[in-house]
There are 2 protein chains.
Amino acid sequence: MTERGLLIVLSGPSGVGKGTVRKAIFDSEDNDFQYSVSMTTRKQRIGEIEGEDYYFRSKEEFEQMIRKGQMLEYAEYVGNYYGTPLPYVQKTLDKGKDVFLEIEVQGALQVKEKVPDGVFIFLTPPDLAELRMRITGRGTDSEDKIDERMKVAREEIEMMASYDYAVVNDEVPKAVERIKNIISSEHFRVERVIGKYRKMLEEL
Amino acid sequence: MTERGLLIVLSGPSGVGKGTVRKAIFDSEDNDFQYSVSMTTRKQRIGEIEGEDYYFRSKEEFEQMIRKGQMLEYAEYVGNYYGTPLPYVQKTLDKGKDVFLEIEVQGALQVKEKVPDGVFIFLTPPDLAELRMRITGRGTDSEDKIDERMKVAREEIEMMASYDYAVVNDEVPKAVERIKNIISSEHFRVERVIGKYRKMLEEL
């Protein structure tokens with residue numbers, strides 16, 4: 001009996017280092033995640049491989065997938081669509097393999113609606129001292145500027161509330177270790193394994 | 001600002017090896033848990049130290065603590081009370097230290113009522129094959145015997161449903177590693193850390 005894979009979503013405020021951490025996780029030795037290839041309507045560049053760098057589709061095809069509810073999440077950026085196609089993700093999870101997505105906060109919230117039992121990890125800046133400095137600046141900034149940053153910080157923290165875990169990105173190897181620990185621990189959550197036991201008893 | 005410690009509860013069906021796993025966790029190098037000393041009404045034996053092996057109390061004192069709601073969990077066994085006093089546990093958690101309890105399933109359910117945000121870990125037998133064998137036996141057992149075991153197995157699995165994690169005790173060092181991973185991951189859960197961020201923003 002194959003246990004279903006986990007959908008892992010890594011996100012966080014821009015500039016926090018999501019891409020670097022994701023890359024380090026995939027480069028690490030004992031990783032066993034499937035990276036999800038995005039779909040886009042932008043033109044294929046020389047050297048890019050279909051199904052590896054992206055799935056390249058026309059705007060019409062992409063919009064049809066949106067209408068059919070086949071995009072796990074998507075966004076428009078400079079006139080092109082970018083997103084995660086659902087069928088591939090579902091197929092991989094059904095095979096018992098974990099799928100790892102590294103996406104922007106808005107996309108993560110879309111995924112949360114479609115796959116509430118995913119594991120949602122929010123990467124946070126190194127420490128509160130840095131957050132404080134980012135907000136108050138060097139004491140030479142105008143009140144308006146500080147208020148604006150304060151608003152952004154508040155929004156970021158309220159976004160965090162929709163996630164399961166908040167992991168500090170103080171040092172990349174440490175953040176990687178924490179995320180890998182979280183993923184292996186999530187496999188032991190009762191709601192993910194109890195069905196296996198119940199089914200076994202039924203089959204006796 | 002001190003983050004509150006976690007209350008970790010390790011339990012599981014009798015005979016699964018809870019005591020062995022708990023001992024291995026406390027003997028491991030990087031453990032940083034506080035073991036909770038139980039309270040009992042049984043007589044202090046020679047060599048036993050008050051506050052280290054047990055808190056030794058009279059039946060009247062123990063019953064008064066129960067009435068005052070100061071027992072996190074307790075049970076009666078061969079005419080004596082055994083239980084976990086709440087005040088010490090609360091004090092330790094407030095200091096930011098994790099408290100580790102290894103108790104019977106009934107006690108764990110009592111703890112769950114009083115401290116729902118604890119981390120409840122259910123230790124399970126090596127594998128489903130063993131569970132199947134425990135139930136069906138060697139094929140020479142009576143239907144009644146198999147039915148009885150089936151009932152016990154069902155009850156155990158339904159108990160599991162009140163826990164957060166189910167960890168297989170296939171090999172003690174592996175089970176220890178899994179439990180330690182779970183505990184460190186739980187420290188990153190958003191509901192445990194978001195208050196810290198919110199408070200920080202208020203204080204700016």
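Predicted model, so just to flag it, every value in this text is computed and none were measured.

Peer 1: Can you help me understand the sheet that holds strand β4 (residues 55-56) of chain B in this one?
Peer 2: Sheets are built from strands paired through backbone hydrogen bonds, the pairs being either parallel or antiparallel. Residue and element names in this part refer to chain B. The strand order across the open sheet formed by four strands is β4-β3-β6-β5, and the pairing between neighbours is mixed. At either end of the open sheet lies a strand with only one pairing partner, and these are β4 and β5 (71-77). Pairing analysis gives six bridges linking β5 to strand β6 (residues 80-85), with the strands arranged antiparallel. If you follow glutamate 73 over to β6, its bridge partner there is threonine 84. Sheet strands in contact with helix α3 (residues 86-94) are β4, β5 and β6, and its direction is about 20° off that of β6.

Peer 1: Before we go on, may I ask you to explain the pairing of strand β8 (residues 119-124) of chain A in this structure?
Peer 2: The two faces of the sheet receive side chains in turn, since in a regular strand these alternate between them. Residues and elements named next belong to chain A. When you tally the buried positions in β8, you get six out of six residues, the bulk of the element. What you see with β8 is no split at all: Val119, Ile121 and Leu123 on one side and Phe120, Phe122 and Thr124 on the other are buried throughout. Sheet topology note: the strand β1 (residues 7-11)/β8 ladder contains four bridges and is parallel. Across the sheet, the residue bridging to leucine 10 is isoleucine 121, located in β8. Strand direction decides the pairing type here: β8 and strand β9 (residues 165-168), joined by four bridges, are parallel. Residue pairing in the sheet places leucine 123 in a bridge with valine 167 of β9.

Peer 1: In this structure, what is going on with the packing of aromatic side chains? I would like to understand it.
Peer 2: Ring pairs (aromatic) are described by centroid distance and by the angle formed between their planes. Across all of its chains, the model carries 24 aromatic pairs over all chains by this definition. Where Phe122(B) meets Tyr163(B), the ring centres are 4.9 Å apart and the plane angle is 70°; that geometry is what we call edge-to-face. Here Phe122(B), found in strand β8 (residues 119-124), pairs with Tyr163(B), found in the loop between α6 (143-160) and β9 (165-168); they are 41 residues apart in sequence, far enough to count as distant. Residue Phe122(B) shares its accessibility class with Tyr163(B), and that shared class is buried. For Arg189(A), the ring lying beneath its charged end belongs to Tyr165(B), and the centroid distance is 4.8 Å.

Peer 1: Help me understand the interface of chain B and chain A, please; the structure alone is not making it clear to me.
Peer 2: Reports often express the size of an interface as the amount of accessible area lost when the parts come together. In this complex, chain B contributes 37 residues to the contact, which on the side of chain A involves 37 residues. Between Arg198(A) and Glu158(B) there is a salt bridge; the shortest N-O distance is 2.8 Å. Joining chain B to chain A, the criterion identifies 15 residue pairs in polar contact (both at pLDDT 80 or more). Secondary structure elements with two or more residues in the side of chain B that touches chain A: α5 (128-136), α6, β9, α7 (172-186) and α8 (190-203) of chain B. Examining the composition of the side of chain B that touches chain A, we find that nine residues originate from one element, α8(B), more than from any other. For the side of chain B that touches chain A, the per-class residue count stands at 22 nonpolar, five polar and ten charged.

Quick notes on the rules
Residues numbered from 1 in each chain as written. Chains lettered and ligands numbered in written order. Predicted model: local features only at pLDDT ≥ 70, side-chain atom pairs only at ≥ 80, totals over all residues. Heavy atoms only, no water. Pairing = 2+ DSSP bridges. Helix = DSSP H or I, 4+ residues; strand = E, 2+ residues; numbered from the N terminus. Contact = heavy atoms within 4.5 Å. Axes fitted to C-alpha atoms, helices over the stretch in contact; angles between N-to-C directions. Buried < 20%, exposed > 50% of the residue type's maximum accessible area, 1.4 Å probe, protein only. Phe/Tyr/Trp six-rings, centres within 6.5 Å; stacked < 30°, edge-to-face > 60°. Lys NZ or Arg CZ within 6 Å of the ring centre and 35° of its normal. Salt bridge = Lys/Arg side-chain N within 4 Å of Asp/Glu carboxyl O. Polar contact = N/O pair within 3.5 Å; in protein donor to acceptor, adjacent residues only side chain to side chain. Nonpolar A, V, L, I, M, F, W, Y, C, P; charged D, E, K, R; others polar.

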